[in-house]
Amino acid sequence: MTAAVEAIPAVLPLTAAQSGMWFAQALDPLSPAQNTAECLEIDGPLDAALFAEALRRVTAEAEALRVRVEDTPDGPRQHLADHVEPPLTVRERATPAEAEAWMRADLAEPFDLAAGPLFRHALFRVGTDRWLWYQRIHHLVMDGYGYSLLVRRTAEVYTALARGEEPAPRSFGTLAELVEDDAAYRSSPAFAADRAHWSERFGDRPEAPRLAGRGALPSRTFLRRTAHLSPETTERLKDLAGRLRATWPDVLIAAQALYTARATARTDVVLGLPMMGRMGSVALRVPGMVMNVLPLRLTVDPGATFAELVRQVVLGIREVRRHQRYRYEDIRRDLGLLGESRALVGPLVNVMPFDYGVDFAGAPARARNLSAGPVDDLTVNIYDRADGRGLRIDHDGNPALYEGTGLAAHQERFLHLVDRLTGTDPHAPLAVHPVATPAERDLVTEEFNRTGRALPPTTLVGPIESRAARTPDATALVFRDTALTYAELNARANRLARHLQSLGARPGTVVAVSVPRSVELVVALLAVLKAGAAYLPLDPEYPAQRLAYMLGDAAPVCAVTDRADRLPADTGTEVVVLDGLDTSGYAWTDPARALTPAHPAYVIYTSGSTGRPKGVVVPHRAIDNRLRWMQAEYGLTPDDRVLQKTPSSFDVSVWEFFWPLREGAALVVAEPGGHKDPAYLARLIRERAVTTCHFVPSMLQVFLGAPEAAGCADVLRRVFCSGEALPRETAHAFARALPDVELHNLYGPTEAAVDVTYHACDPADAGPVPIGRPVWNTRLYVLDAALQPCPPGVPGELYLAGAQLADGYLGRPELNAARFVADPFGPAGTRMYRTGDLARWTADGEVEYLGRTDHQVKLRGQRIELGEIEAALAALPEVDAACALVREDRLVGYVTGGADPAGVRAALARELPEHMVPAAVVALDAFPLSPNGKLDRRALPAPVFAGASGARPFSSAREEALTGLFAEVLGAEGIGPDDAFFDLGGTSLLAVRLVGRVREAFGAELTIGSLFEAPTPAALAARLDAAAPASDDALGVVLPLRADGEGLPLFVIHPAGGLAWCYAGLAARLAGRPVYGLQARGLTGDEELPRTLREEAEDYAARIREVQPHGPYRLVGWSVGGVLAHTVAVLLQEAGERVELLALLDAFPSGQWRERPAPEEGDALTAVLRMAGFDRTGERTREDVLATLRAAGSPLAGLTDRTLSRIVDIVPNHARMMRAHEHRVYDGDVLFFTAAAPRAEDWLTRDAWRPYVTGRIDNLDLDCTHPQLMRDRYLDDIAAVLTARLKELDA
Amino acid sequence: MALTVEQIRTDVADCLGEDPADIPADENLVDYGLDSVRIMALLERWRREHEVTAGFADLAEQPAIEAWAPLLGAA
Amino acid sequence: MSADTAGPFDAPSDEDADGHLVLENAGGLRSLWPAWRAVPAGWTARFGPAPHAACLRVVEADRG
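Worth saying up front: this structure is predicted, and the values here are computed from it rather than measured.

Student: Got a minute to help me understand the overall build of chain A in this structure?
Tutor: The number of helices and strands found in chain A is 36 helices and 48 strands. Whereas a compact globule of 1291 residues would reach a radius of gyration of roughly 33 Å, chain A reaches 37 Å, a difference of no more than 12%. The C-alpha extent of chain A, read off along each of the three principal axes, is 115 × 95 × 60 Å. Across the 1291 residues of chain A, 59% fall into the buried class. Taking as baseline every contact in chain A between residues at least 6 positions apart, the subset at least 24 positions apart corresponds to 73%. If you sum the accessible surface of chain A, you get close to 48,900 Å²; carbon and sulfur atoms cover 51% of it. Counting 136 positive and 169 negative side-chain charges, chain A places the averaged centre of each group 3 Å from the other.

See the structure below:
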């Protein structure tokens, strides 16, 4: 160790560790997220002046505190100052609350990296002998271990000074050593070996386990919940660690892995481990930023033991440690995760065992962390401060992902789990541990399932017969012109039942029924039940092969059909043909039968995953429970009429048929096939006064879209939905169309007697529509991979138990044993049914359906929940209904409604991670439906993907990589190296993303402007090869939107904000023509803003002539740009040039504005926001506006603060100049485009141009507002008209 | 009681869950699973039982038994 | 349960693992059951721990 005084280089590059922090801060310069802070509670007298002196000395010793960081053309550099006076606030009298408030406020202040100092202190006296020492340091210069060095040294120096002694010398290492060490590592063989290790270990790019179910960008703040592991548990933890030959952090990491695995339904779990990163390194003596986060990958199998999991952790960390210098950001980059904004790790477990047992001249101090830096998702900070209080555990959450209660729940469960683990044999399977707390476990298994209700032992058909006896003359059934009373229906069914009994139908047998919807169908079903047999509905429209299979499988005693040729001929089943059958010889009274509630009532076939349909046998007990609950819940009365439109082979039809007949209501039977015709259904409902009906949600959406639907509002009382997830948008559409009608969402598989949960939709609700609570005598379990109950909010597989379970599948014992399994939570010896549905409990006891456990799709290794994409699509304003699927390894979205597909894609690109944005969106008039009314995904048309053909081979690897990035960002394939970004549908937003991707992939600086100048992969590659420095050209007065091309150029003049970027979309639509934007002066430099519009127009005319020395000229302008275009045109004409096109986009002459007050800066801010497509909400200042733009990832946010600030000046300057401007006369015709939607400024009229135009004003009205003119769908129209006009001029 | 090299080796092996014979004197213990938590634990034990005065950074800087011996008074 | 892993009633990636039981209740109903989870009250293990496929074969053989 030489401590010789050497000349310190005053300027140093950043280490890799610092660069990561720098980049994060650069993305959001005003964010305080990179603040770290700590508070030391000092118990004893303290001399504030001496303390200040100690801080001064330590600051002089610690180089990291004396730097500031500037961005230079060569990258960020840290400048080391010889002397920095530590910023220190001293409050000799403060209450603890005041001190806390001060610290909280200070913690919300961002540091200015370029200005420094990057730390500050405060000292509060909160009691006679009690002090709080607060320090905040930017994470770029300090990490947790660095704090411990600083604190120990400060205590040492203070103590010496207090004793009147000179502190012992201390030699902290230098920053130069860190930088050298870093550079040496990065050029060493170890670096390459480490890279290879990580790439190999994570080459399959596992998905990060997310407790919130999704990721988000880091926020500016974090939520924190602090708890302590009791001293007893801490003791047991350390004891257990000892027994397992591990450390207590190993055990806690294993506990977190177990929790994460269960709470995210995964066995492959990657946690993030913040590492000190200093072992065996000079960095041990350097207070600075060295720490790293490394991924720890674990397999959490419910059958393994905790001891085995801890062992995995020990060995895993050992392996991680061998490669710990390789940076987390580099691993992500190597794996290609950076570009996809994908995380590699789930929760971070940050263990800080650093020795903090310091004292200040005998006054003991206790440290308390206030901020450990930015929180991407969830960080569990664990501190052992050896103060006898047990371990302190802070759960820090990203507020974009967690709410306070959710974070508290994660913490509470973790503490419970640790408590359980330390008190349980570590050699027991992990499956013995639930992650729910005991209270949660009780809540979800017992409280939410309190549905017990004693019921009489009746059957499905018994109550119908009693009803027929009580109200024989009431109308039972209406079909076309036929109406049957209860007595008539009962008598017909009884006669047929007796006939069926004569053929062998009795309890425990099956009778098939294949009759189209009709009076006869109802009679036949009833007859089978009356005979005591179970009915097997066979849809007459099913293919013969399938019908034959079902007849063979179910072996019915006979089959009832309406016609002789209804069923395949050679099945051997005896057929009862109703047509011509005379049953008048049978008695009309109810037949005798030995039927019990345990006998099967019906057998319905469902599709099997193996392709072989399986017959579900449902006993009377189950369906009787279902109908008794339904009656108690919805109270059908004799004046109700229930629509029967569901095919009998679909189990919803069971309640349609039999619920009204049990309650004395009437059944209104729809025409065969009528269930697919919304207009017919609406008419039938209205004319037959139907009060109650059912829709599958996708069919409900179709129905609501029919103009006739609203006519049902007066007669309908309630509508039931089931069979698919009910989108909230559909529920809202329902409430609008049928405002006083109840909408109920039901859920259940055929295996549990139609429905087991119910939820009444409330028009005021938002978010996913729950499937609701369990019905009578029914229990729901949401279970994790260890068959332990998931607490509310945690997804798991849904299991059903109780009275409504089916007997099982006909003749499929192995399937029954695997789907109807032992219930560990219910009465002894009972079963539960495994639905295969993914669900979660809400906090108040309803269940939300999340999708299938087995229908997840994976695209390029990424798991995608199609439901999420569908919800995002459906939430867009002009989308009525949506679905998404994967075709040819590409995600495709389908929408109905008036939305423009390109606009939908762009809107989704704004909301979803890139990989979840469909590569194509297809707009349909209506979705294809399958026979039972469900969406038929296979019938959806294939999309046409964009992309040029005949692309040449790539000339370099970089060109190829860039082309890949273009394709990725644009979501199109088949892109060639010469295809231009904006011609392929690139928006300025996508341009920002592309620039970001290029930066990440090549580490190259690139501006949006570069993309305008080099819009093709080939051009961009050439540009990068030339290592041309980033330019501000996109802010220049002349912006070449397309510099090459055929024909005369089009000049497009900026609107009020001064930027011409908004014309990118227009340029893309004018393929092959050169297009130049004109932009305001002063966007970059210190140039003065023009004083008059004429001065500005003269400038533009001159610049235009530099591009095109002589006419004829073609000019376009939107808004203020139109006023300028007119003025430029006049100036050019006055100079003797010809102007052959003047197109004004919703631009109005100055005179119209003169009497109106000019906007203040406030309005300018509104204008800036509108340029970016936002409505102004709470933004008060320029800073607020900038923050909004950045937060939303607006391309304008990519501008420097200075430029944005200039725009805020340019907007009101234009407003002022407009009002002073005098137009002269333009000699020629004007092409005008009016944004024809109603506007506040209703006094604006294009006729005001008349005095200033000698020729015609040809107008096109567009149904949009002024700011919407530049949207894709309107640009299409504008470009079409412009193109036609330009072609005329060309000719 | 002063520490011996053998005692150091035994204690290190114990906290790593390895056999003392498998812990070489001249190799980087990080490769054997030694981490900051384990160093802190060892240091606590040695301070308590052997009146060791070395600091965490002293040990962490050169994590090998050979390098530790003089620092821990086990020359 | 999720796509990255077999659920408690699915065949594990190691098909030969003795990971499952066949349970039976008083009514003679059978249930597949993961060997690592306690057998629920009212059920008795009749077969296993054995490989998943072997358990299903045992159940299927009793088809009658």
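After that view, the rundown keeps rolling.
Student: Just checking my understanding: could you explain the packing of helix α13 (residues 462–470) of chain A against helix α14 (residues 486–502) of chain A for this structure?
Tutor: All names here are of chain A. Where α13 contacts α14, the axes come no closer than 8 Å and their chain directions differ by 135°. Our classification of the angle between α13 and α14 gives oblique. When you trace α13 past α14, the crossing you get is left-handed. Within the contact between the two elements, α13 uses Glu465, Arg467 and Ala468 and α14 uses Tyr486, Asn490 and Asn494.

Student: Got a minute to help me understand the interface of chain C and chain A in this structure?
Tutor: For an interface, size is often stated in terms of accessible area lost upon the parts coming together. Each partner contributes to the interface: chain C provides 26 residues, whereas chain A provides 38 residues. Carbon and sulfur atoms make up 64% of the surface buried where chain C meets chain A, a total of about 2,500 Å² over both sides. Linking chain C with chain A are zero salt bridges, by the criterion used here. Across the chain C-chain A interface, the total number found is seven residue pairs in polar contact (both at pLDDT 80 or more). Ranked by residues supplied to the side of chain C that touches chain A, first place goes to strand β2 (residues 30–34) of chain C with five residues.

Student: Is there a simple way to explain the sheet that holds strand β3 (residues 67–72) of chain A in this structure?
Tutor: Adjacent strands of a sheet form backbone hydrogen bonds with each other and so pair up, either parallel or antiparallel. Residues and elements named next belong to chain A. Read from one edge to the other, the open sheet built from three strands follows the order β1-β4-β3, with strand pairing classed as antiparallel. With one partner strand each, in any of the chains shown, β1 (11–13) and β3 form the two edges of the open sheet. Strand-to-strand twist across the sheet, computed as the mean angle between neighbouring axes with direction ignored, equals 35°. Direction of pairing for β1 relative to strand β4 (residues 75–80): antiparallel, over a ladder of three bridges. Bridged to Leu12 within β4 is Gln78. With respect to the sheet, helix α5 (residues 175–186) is in contact with β1, β3 and β4, its orientation differing from that of β1 by roughly 30°.

Student: What's the story with the pairing of strand β10 (residues 292–299) of chain A in this structure? I'm lost.
Tutor: When a strand is regular, its side chains alternate between the sheet's two faces. Residues and elements named next belong to chain A. By the criterion of burial, β10 is predominantly enclosed, with seven of the eight residues buried. Across eight bridges, the pairing between strand β9 (residues 268–275) and β10 is antiparallel. By the bridge assignment, Val269 is partnered in β10 with Leu298.

Student: Please explain the interface of chain A and chain B as it appears in this structure.
Tutor: With 22 residues of chain A at the contact, the number on the chain B side is 23 residues. Carbon and sulfur atoms supply 54% of the area that chain A and chain B bury against each other, a total of about 1,900 Å² over both sides. On the chain A side of the contact with chain B, Arg245(A), Met279(A) and Arg318(A) bury the most area, a combined 30% of that side's loss. Between chain A and chain B we count six salt bridges in total. Here chain A and chain B share eight residue pairs in polar contact (both at pLDDT 80 or more) between them. When residues in the side of chain A that touches chain B are grouped by element, the largest group, four residues, is from helix α9 (residues 306–322) of chain A. Looking at the side of chain A that touches chain B, its residues break down into ten nonpolar, four polar and eight charged.

Student: Sorry, what's going on with the pattern of salt bridges here?
Tutor: Two side chains carrying opposite charge are able to pair once their charged atoms lie near each other. All names here are of chain A. A full pass over the atoms with the stated rule returns 78 salt bridges over all chains. Arg201 is the salt-bridge partner of Glu319, the closest N and O atoms lying 3.2 Å from each other. Taken together, the positions of Glu319 in helix α9 and Arg201 in helix α6 (residues 189–201) put the pair 118 residues apart, joining distant regions of the chain. Here the salt bridges share partners, and the residues they tie into one network are Glu41, Asp43, Glu100, Arg130, Arg366 and Arg368.

Student: Looking at this model, I keep getting lost on the packing of aromatic side chains. Mind explaining?
Tutor: The description of an aromatic ring pair rests on the distance of the ring centres and on the angle between the ring planes. Residue and element names in this part refer to chain A. Taken as a whole, this structure holds 32 aromatic pairs over all chains when the rule is applied. Plain terms: the ring middles of Phe448 and Trp841 are 4.9 Å apart, the flat faces sit at 45° to each other, and that makes the pair tilted. One end of the pair, Phe448, is in the loop between α12 (438–445) and α13; the other, Trp841, is in strand β35 (residues 831–841), and 393 residues separate them in sequence. Each member of the pair, Phe448 together with Trp841, is buried. Ring geometry for Phe1051 versus Tyr1076: centroids 5.9 Å apart, planes at 25°, classification stacked. Separated by 25 residues along the polypeptide, Phe1051 in strand β43 (residues 1050–1053) and Tyr1076 in strand β44 (residues 1075–1078) bring together distant segments of the chain. A single burial state applies to Phe1051 and to Tyr1076, both of which are buried.

Student: Sorry if this is basic, but what is going on with a negative patch on the surface here?
Tutor: Residues and elements named next belong to chain B. Together, Asp26, Glu27, Asp31 and Glu66 make up a negatively charged patch on the protein surface. With respect to the element layout, Glu27 can be found in the loop between α1 (5–16) and α2 (36–50). Glu27 sits in the partly exposed class, given a relative accessible area of 37%.

Student: So what exactly am I meant to see when it comes to helix α21 (residues 728–737) of chain A here?
Tutor: Residues and elements named next belong to chain A. With respect to burial, α21 is a largely interior element, seven of its ten residues being buried. Every buried residue of α21 is listed here: Arg728, Thr730, Ala731, Ala733, Phe734, Ala735 and Ala737. Tucked inside the fold, the buried residues of α21 contact α20 (697–705), β27 (718–721) and β28 (742–747).

Student: Would you explain the packing of helix α7 (residues 231–243) of chain A against helix α8 (residues 248–264) of chain A in this entry?
Tutor: Between two packed helices, both the angle of their axes relative to each other and the distance between the axes serve to describe the pair. All names here are of chain A. Two elements in contact, α7 and α8, have axes whose closest approach is 8 Å; the angle formed by their N-to-C orientations is 100°. By the angle class used here, α7 and α8 are roughly perpendicular. Facing Leu237, Lys238, Leu240 and Ala241 of α7, the residues of α8 in contact are Trp248, Val251 and Leu252. Of the residues belonging to the contact of α7 with α8, the class tally is six nonpolar, no polar and one charged.

Analysis parameters
- In this numbering scheme, every chain counts its residues from 1 along its sequence in written order.
- For naming, the first written chain is A and the first written ligand is 1, with later ones following in the order written.
- At least 70 in pLDDT is required for a residue's local features to be given in this predicted model, at least 80 for side-chain atom pairs to be given and counted, and no such filter applies to totals for whole chains, interfaces and linings, which use all residues.
- Excluding hydrogens and water, the side-chain values take into account all heavy atoms of the structure.
- Only runs of H or I of at least four residues qualify as helices and only runs of E of at least two qualify as strands under DSSP, and these elements are numbered from the N terminus.
- The globule rule used here is 2.2 Å times the number of residues to the 0.38 power, and the radius of gyration it is set against is calculated over C-alpha atoms.
- Each residue is assigned to one of three classes by its accessible area relative to the maximum for its type, calculated with a 1.4 Å probe on protein chains only: buried under 20%, partly exposed between the two thresholds, exposed over 50%.
- Two residues qualify as a contact provided that any one of their heavy atoms is within 4.5 Å of a heavy atom in the partner residue.
- Residue-level accessible areas treat just the shown protein chains as cover; the underlying method is Shrake-Rupley with a 1.4 Å probe.
- For the charge count, each Lys or Arg is scored as positive and each Asp or Glu as negative, with His and the chain ends excluded.
- Lys charges are placed at NZ, Arg charges at CZ, Asp charges at CG and Glu charges at CD.
- Angular values range over 0 to 180 degrees, each being the angle between N-to-C directions of two axes fitted as lines to C-alpha atoms, with helices fitted over their stretch in contact.
- By definition in this entry, angles of less than 35 degrees are roughly parallel, angles greater than 145 are roughly antiparallel, angles of 65 to 115 are roughly perpendicular, and the rest are oblique.
- In a left-handed crossing the near helix is turned counterclockwise from the far helix by less than a right angle, and in a right-handed crossing that turn is clockwise.
- Throughout, the accessible surface (probe 1.4 Å) given up by two parts as they are put together, summed over both, is called the buried area.
- Salt bridges are defined by distance alone: a side-chain nitrogen of Lys or Arg within 4 Å of a carboxyl oxygen of Asp or Glu.
- In the analysis that follows, any N or O atom pair within 3.5 Å is treated as a polar contact, provided that within protein one partner can donate a hydrogen and the other can accept it, and provided that, for residues neighboring in sequence, both atoms belong to side chains.
- Between any two strands, at least two bridges found by DSSP are needed for them to pair.
- Three classes are used, and their members are as follows: Ala, Val, Leu, Ile, Met, Phe, Trp, Tyr, Cys and Pro are nonpolar, Asp, Glu, Lys and Arg are charged, and the others, Gly among them, are polar.
- What counts as a ring pair is set by centres within 6.5 Å for rings of Phe, Tyr and Trp (its six-membered ring), and what kind of pair is set by the plane angle: stacked under 30 degrees, edge-to-face over 60, tilted for all other angles.
- Patch definition: residues with relative accessible area over 30% and no salt bridge; like charges joined within 9 Å; nonpolar side chains (Val, Leu, Ile, Met, Phe, Trp, Tyr) joined within 5 Å.

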